[in-house]
Amino acid sequence: MKDDKTNGATLKANAGIDPIEARLDEFAASIYARRSREIGYPLNQQSRLIGFYKWLMGSGMNLTMVDNAGDPFMDDGGLMSTLEYEREVLEFFGPLFGFDLNDLWGIVTFSGTDGNNHGLYFGAKYLERKTGKKPVLYVSDAAHYSSRRLADLQNLDMRLIPSDVHGRMIPEELDKAIVDERPALVVYAMGTTFKGGVDDQATLNAVLAKHPSLVVYRHIDAALFGGYLPHTKYRDFVDRRVQPFDSIAFSGHKIFGMDEPAGIFLTTREVKENQNPFQVSYLNANMPMINCSRSALSPLKIWWIIQHTSREEFERQAAEMLENAAWLKGEFDKLGWPAWLEPMSNTVYFKRPPQEIVKKYGLAPDHDDRLGGDLSHLIVMQHVSKERLTRFLDDLKAAQ
């Protein structure tokens, strides 16, 4: 006997409906039914793009191939692109992170990992241009795994720095690892993947300052936190005028309600101008970015979202996420269930529940002997209301 999925598609085919569409309909229904329960990963399920798709389908853009194969800050030369809107997106975000618009460069990336790839690549090439030496990469063992993978991809000499129980790079361990004879490419995590730990930039910068001959490039991996910290009282932690850094990458598909991976990479023109030139004649431009073709729709979607969301609304969303995360931590405490919440974080991590709870809510796993062993975490995004958290807690109580 065929399973329900096949039966449903067959029934629709018999009714004169395309079986391909029937199969996709059933798949979409199953995904849509799960969306409200998926609370273990940083995805905002409150779509901001309903109006965008209505516009897209009536505009002719849905029938047109566009490609952002160019520099957003140069004339597009008549390319079929959305470079104008990409530049406006970058100019919206730049000042939020302390960049001067007269010294801003960046691109809309395919993901946070793509942004980190550019951060490491730009940082390494900048340091080589300045010193004539290949840098050493320093990154915490709690930071997103993409830095380790990208170090392997780019053949970078990496020092993995131990983190403390809160997921923060340990300053003394960084100090011990520094190679004074070579420049330092340092990745600071603003919100580690599992615990939501934030590297203490001021203390780590003081460690770097103890090595006066060291030439340093600082890249900030702010995949999730970069989306909301600029709209909170913690904004100075991602403001390069307060905490100096050279580039930052954050995700577009986490906080902002995108429906596909995307991200933002921001740096300075001075960094951009100290890259390998790669003058591309048919684009009439210096093309330092790793990718040639880039999505032309992602910048449009992000542009649409920021045009339809006020600063006050971003601030409200950020405050609500942090308040709900603090409320959840308090409820765990009432239950006597071990749980932790780092400052500035919307990520609550806790003793791992029974497997049926983990599966039902799509909780991410981890392990830390310092905290008793197996752990899970829950990320309080915009769609994760107190009502949904209450249902989760009720299921947790019932499973004890």
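Please refer to the structure placed before this passage.
Counting of residues starts from 1 at the beginning of each chain's written sequence and follows it residue by residue. Confidence filtering applies because this is a predicted model: local features only for residues at pLDDT of at least 70, side-chain atom pairs given and counted only at 80 or more, and all residues used for totals across whole chains, interfaces and linings. Neither water nor hydrogens contribute to the side-chain values; these are computed over all heavy atoms in the structure.

A. View of the overall build of the chain. A helix here means a DSSP run of H or I that spans at least four residues, while a strand means a run of E at least two residues long, and both kinds are numbered starting from the N terminus. If you tally the helices and strands in the chain, you get 13 helices and 13 strands. Radius of gyration means the value over C-alpha atoms here, while the globule rule gives 2.2 Å times the residue count to the 0.38 power. Radius of gyration (C-alpha) of the chain: 23 Å, near the 21 Å computed for a compact globule of 400 residues. The C-alpha extent of the chain, read off along each of the three principal axes, is 70 × 60 × 45 Å. When the 400 residues of the chain are sorted by exposure, 51% land in the buried category. Here, residues are in contact when the closest pair of their heavy atoms is within 4.5 Å. Taking the intrachain contacts of the chain between residues at least 6 apart in sequence as the baseline, contacts between residues at least 24 apart amount to 71%. Accessible surface area values rest on a Shrake-Rupley calculation with a 1.4 Å probe, where residue burial reflects the displayed protein chains alone. Accessible surface for the chain amounts to roughly 18,500 Å². Of this, 52% is attributable to carbon and sulfur atoms. The sign given to each residue is positive for Lys and Arg and negative for Asp and Glu; His and the chain ends receive no count. Charge positions come from single atoms, namely NZ of Lys, CZ of Arg, CG of Asp or CD of Glu. Averaging the locations of the 46 positively and 54 negatively charged side chains of the chain gives two centres separated by 3 Å. The classification of residues rests on relative accessible area computed with a 1.4 Å probe and restricted to protein chains. Under 20% of the type maximum is buried, over 50% is exposed, and intermediate values are partly exposed.

B. Highlighting the sheet that holds strand β1 (residues 104–109). With mixed pairing, the 7 strands of this open sheet are ordered in space as β1-β7-β6-β5-β4-β2-β3. Among the strands making up the open sheet, the edge pair consists of β1 and β3 (157–161). Here the strands of the sheet are splayed against their neighbours by 20 degrees on average, with no regard to which way each runs. Note on pairing: DSSP must find at least two bridges between two strands before they are called paired. Pairing of strand β6 (residues 247–251) with strand β7 (residues 263–268), which is carried by 5 bridges, proceeds in the antiparallel orientation. Residue pairing for β7: isoleucine 248 is matched across the bridge by leucine 266. Angles shown run from 0 to 180 degrees and are taken between the N-to-C directions of axes, each axis being a line fitted to C-alpha atoms and, for helices, limited to the stretch in contact.

C. Structural context of the pairing of β7. Counting buried positions along β7 gives 6 out of 6 residues, so the element sits mostly inside the fold. Side chains of β7 alternate between two faces, with Gly263, Phe265 and Thr267 and Ile264, Leu266 and Thr268 buried alike. Taken together, the 6 bridges between β1 and β7 define a ladder with antiparallel strand orientation. Along β7, the bridge assignment pairs valine 108 with isoleucine 264.

D. Representation of the packing of aromatic side chains within the structure. What counts as a ring pair is set by centres within 6.5 Å for rings of Phe, Tyr and Trp (its six-membered ring), and what kind of pair is set by the plane angle: stacked under 30 degrees, edge-to-face over 60, tilted for all other angles. Per the stated rule, a full pass over the model turns up 21 aromatic pairs. A ring pair is formed by phenylalanine 99 and phenylalanine 245, whose centres lie 6.0 Å apart and whose planes are at 70 degrees; its orientation type is edge-to-face. Of this pair, phenylalanine 99 sits in the loop between α4 (83–93) and β1 while phenylalanine 245 sits in the loop between β5 (216–221) and β6; the two residues are 146 residues apart in sequence, bridging distant segments of the chain. A residue is classified by how much of its surface remains accessible, and phenylalanine 99, at 4% relative accessible area, is buried. Exposure remark for phenylalanine 245: the relative accessible area of 2% places this residue in the buried category. An aromatic cluster of three or more residues is present, and its members are Phe92, Phe93, Phe97, Phe250, Phe256 and Phe314. Here, a charge over a ring means that NZ of Lys or CZ of Arg falls within 6 Å of the ring centre while also lying within 35 degrees of the ring normal. Looking at lysine 351, its charged tip hangs above the ring of tryptophan 337, at a distance of 4.3 Å from the centre.

E. Structural view of helix α6 (residues 146–153). What α6 keeps buried is the set Ser146, Ser147, Leu150 and Ala151. Down the axis of α6, the buried side of the element spans an arc of 135 degrees, and every buried residue falls inside it. In the stretch just after α6, asparagine 155 is the one whose phi turns positive, near 55 degrees. Picture the helix axis, draw a direction to every C-beta atom, and the arc is the one those directions span.

F. Just unusual backbone geometry, in detail. Of note, asparagine 155 is a non-glycine position whose phi angle comes to about 55 degrees, a positive value. Among the secondary structure elements, asparagine 155 is positioned in the loop between α6 and β3.

G. Region of the structure containing the side chain of threonine 109. Tracing the backbone shows threonine 109 in strand β1. Residue threonine 109 is classed as buried on the basis of its relative accessible area, which comes to 3%. Non-local contacts of threonine 109, meaning those with residues more than four positions away in its chain, are made with Asp114, Gly115, Ala262, Gly263, Ile264 and Phe265.

H. Molecular detail of the nonpolar core. The definition of a nonpolar core used throughout is a set of buried Ala, Val, Leu, Ile, Met, Phe, Trp, Tyr and Cys residues joined through side-chain atoms within 4.5 Å. Counting 99 residues, the largest nonpolar core has Phe93, Phe97, Tyr138, Leu266, Phe332 and Phe392 as its most contacted members. It is helix α11 (residues 311–335) that provides the largest number of residues to this core, a total of 7 residues. In this structure, leucine 266 is in contact with Leu90, Phe93, Gly94, Phe97, Phe99, Leu104, Trp105, Gly106, Asp246, Ser247, Ile248 and Phe250, ignoring residues within four places of it in sequence.

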